[in-house]
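Listed here are the chains, written in short residue letters.
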There are 2 protein chains.
Amino acid sequence: MSDRRIPDATVVRLPSYLQVLVDLADRGVRTVSSDGLAEAAGVGSAQVRKDLSHLGSYGTRGVGYDVTDLLNHVSSVLGLTRERRVVIVGAGNLGRALASYRGFPTRGFQVVALVDRDPAVVGQRVAGTVVASLDDLPALVARERADIAIVATPASAAQEVTDRLVAAGVTAILNFAPQRIDTPRGVTVRKVDLSTELQLLAYYERVSDSEGSEQSRGHEARLA
Amino acid sequence: MSDRRIPDATVVRLPSYLQVLVDLADRGVRTVSSDGLAEAAGVGSAQVRKDLSHLGSYGTRGVGYDVTDLLNHVSSVLGLTRERRVVIVGAGNLGRALASYRGFPTRGFQVVALVDRDPAVVGQRVAGTVVASLDDLPALVARERADIAIVATPASAAQEVTDRLVAAGVTAILNFAPQRIDTPRGVTVRKVDLSTELQLLAYYERVSDSEGSEQSRGHEARLA
DNA sequence: ATGTGTGAACGTATTCACAGCC
DNA sequence: GGCTGTGAATACGTTCACACAT
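Residues numbered from 1 in each chain as written. Chains lettered and ligands numbered in written order. Predicted model: local features only at pLDDT ≥ 70, side-chain atom pairs only at ≥ 80, totals over all residues. Heavy atoms only, no water.

## A look at helix α5 (residues 67-78) of chain B
Residues and elements named next belong to chain B. The first and last C-alpha atoms of α5 sit 16 Å apart over 12 residues, in line with the 16 Å expected at 1.5 Å per residue. When α5 is considered as a whole, its buried residues turn out to be Val67, Leu70, Leu71, Val74, Ser75, Val77 and Leu78. Down the axis of α5, the buried side of the element spans an arc of 165 degrees, and every buried residue falls inside it. Glycine 79 sits one or two positions beyond α5 and adopts a positive phi of about 80 degrees. (Helix = DSSP H or I, 4+ residues; strand = E, 2+ residues; numbered from the N terminus. Expected span 1.5 Å × (residues − 1). Buried < 20%, exposed > 50% of the residue type's maximum accessible area, 1.4 Å probe, protein only. Arc of directions from axis to C-beta.)

Shown next as structure tokens:
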């Protein structure tokens, strides 16, 4: 390791490493080399070593990394030691789909509420919870101790909903509305915009002959 | 402009610029400065000028950019001159939500088919189309002249579905399955993984006090 | 022997600052 | 005077290559 700050570019790759490590642990593998990790995660092995060095992680020269140790270490760096509680705003098609998404609970994220402004929707049962009213947001966030919010509203409602979420004490927001949202310092926002993704695909499809991109967002981002 | 190749970092910002330009055009604004664009898109003005210079775009010194001209130019660079035809594989909650997503048609993407492996699901009506069988993929892709596919299956099915899509002639894939997929050269893949996004939020929430990130995802991506 | 950890080299992206044009 | 377009400066990220630990 060098210093305390982990580069953003490294942070965005940690979830992929984590996933690979979980798979390896499930299959009973005890040890993995930077080459092994690199191949599974789709990056170079020097990249893996450099990334892990930023976590101060100790592998063993000539051997590799202890899968369980590294898994624990990466989890703890990402702050996944406690379960996170998520509230979803917007009970349209997308909000409902997200509320039912099975990948959440298995990765330590519990959806504690689904909220909508429309009184006709409030009270409906979706995936085990009852849709709550937007007006109850402050009470709900407090009672359920929600950390993270997902905004799955139309663009026109996104900023207002965001302001209300921030007022209610949420400090991390995943924004699915095709709209930039402003937040005060200290509130983290990430954006997922499907149309943008398709536009980028359209671009790279045209240019390709050579090759594509990523990110997922990397540049990346990820879901179903 | 300098040369022909547009940097990836620039390409991923073009959709945001496009969105801002569409809004400005709707509001009847004729002209915009790099400062105006920058503010609305949430980046610096030098960034905007540098990005646009890569497109060879001509603004007017002392005035700014012609909104309509620039809009057309950015659209054409992104390859959005013709409508793109999209097939969605996986008619679970997410696939259905995406099939109903209203942001698609308004941005030039038409969902021409929703496909699933499960015979119990095939034949159901979803958002105006009938769910088709995975086995009909080659015929469907050919008949509908689909360019782009969205993979909204469980992780376990993602690679097989991808292989079939590629065999059927699809050259651009948006992958929502929490699984890395391999494709031959010439096929562009972008990944959107919701759990990853939440994990990154969890990280930045902990670290913050200072500030957050983005991507999308490019590192950023975007959706509802 | 094998595979990590890391400085050094390289490449890419952002920001600065200002000359040049309207 | 105002705002673009761009070289130059800086910051950031990746890849190389090898000394060193096991």
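## Observations concerning the packing of helix α2 (residues 14-26) of chain A against helix α3 (residues 34-41) of chain A
Residues and elements named next belong to chain A. Packing of α2 against α3 brings their axes to within 9 Å, and their N-to-C directions diverge by 110 degrees. Classified by the interaxial angle, the pair formed by α2 and α3 is roughly perpendicular. On the side of α2, the interface is formed by Tyr17, Val20 and Leu21, while α3 contributes Leu37, Ala40 and Ala41. (Axes fitted to C-alpha atoms, helices over the stretch in contact; angles between N-to-C directions. Parallel < 35°, antiparallel > 145°, perpendicular 65-115°, else oblique. Contact = heavy atoms within 4.5 Å.)

## Section: the pattern of salt bridges
Side chains bearing opposite charge may pair, as long as their charged atoms lie close to each other. As enumerated under the stated definition, the model contains 26 salt bridges over all chains in all. For glutamate 144 of chain B, the salt bridge is made with arginine 85 of chain B, and the minimal N-O distance between the two is 3.0 Å. With glutamate 144 of chain B in helix α8 (residues 137-144) and arginine 85 of chain B in strand β3 (residues 84-89), this pair connects stretches of sequence that are 59 residues apart. Taken together, the shared-partner salt bridges connect Arg117, Asp135, Glu160 and Arg164 of chain A into one network. (Salt bridge = Lys/Arg side-chain N within 4 Å of Asp/Glu carboxyl O.)

## What about the packing of helix α10 (residues 194-207) of chain A against α5 of chain B?
For any two helices packed against each other, one specifies the inter-axial angle together with the distance between the axes. Orientation of α10 of chain A relative to α5 of chain B, taken along the N-to-C sense of each, is 65 degrees, at an axis distance of 8 Å. Taking contact as the criterion, the partners of Gln199, Ala202, Tyr203 and Arg206 of chain A in α10 of chain A are, on α5 of chain B, Ser76, Val77 and Leu78 of chain B. Classifying every residue of the contact of α10 of chain A with α5 of chain B gives four nonpolar, two polar and one charged. (Nonpolar A, V, L, I, M, F, W, Y, C, P; charged D, E, K, R; others polar.)

## Describing the relation of the copies chain B and chain A
Once turned by 180 degrees and shifted 0.0 Å along the axis, chain B lies on chain A with an RMSD of 0.1 Å. In symmetry terms, the pair is related by a two-fold rotation axis. Residue by residue, 100% of the interface of chain B is reproduced at the interface of chain A, so both copies engage with the same surface. (Least-squares fit on C-alpha atoms with pLDDT ≥ 70 in both.)

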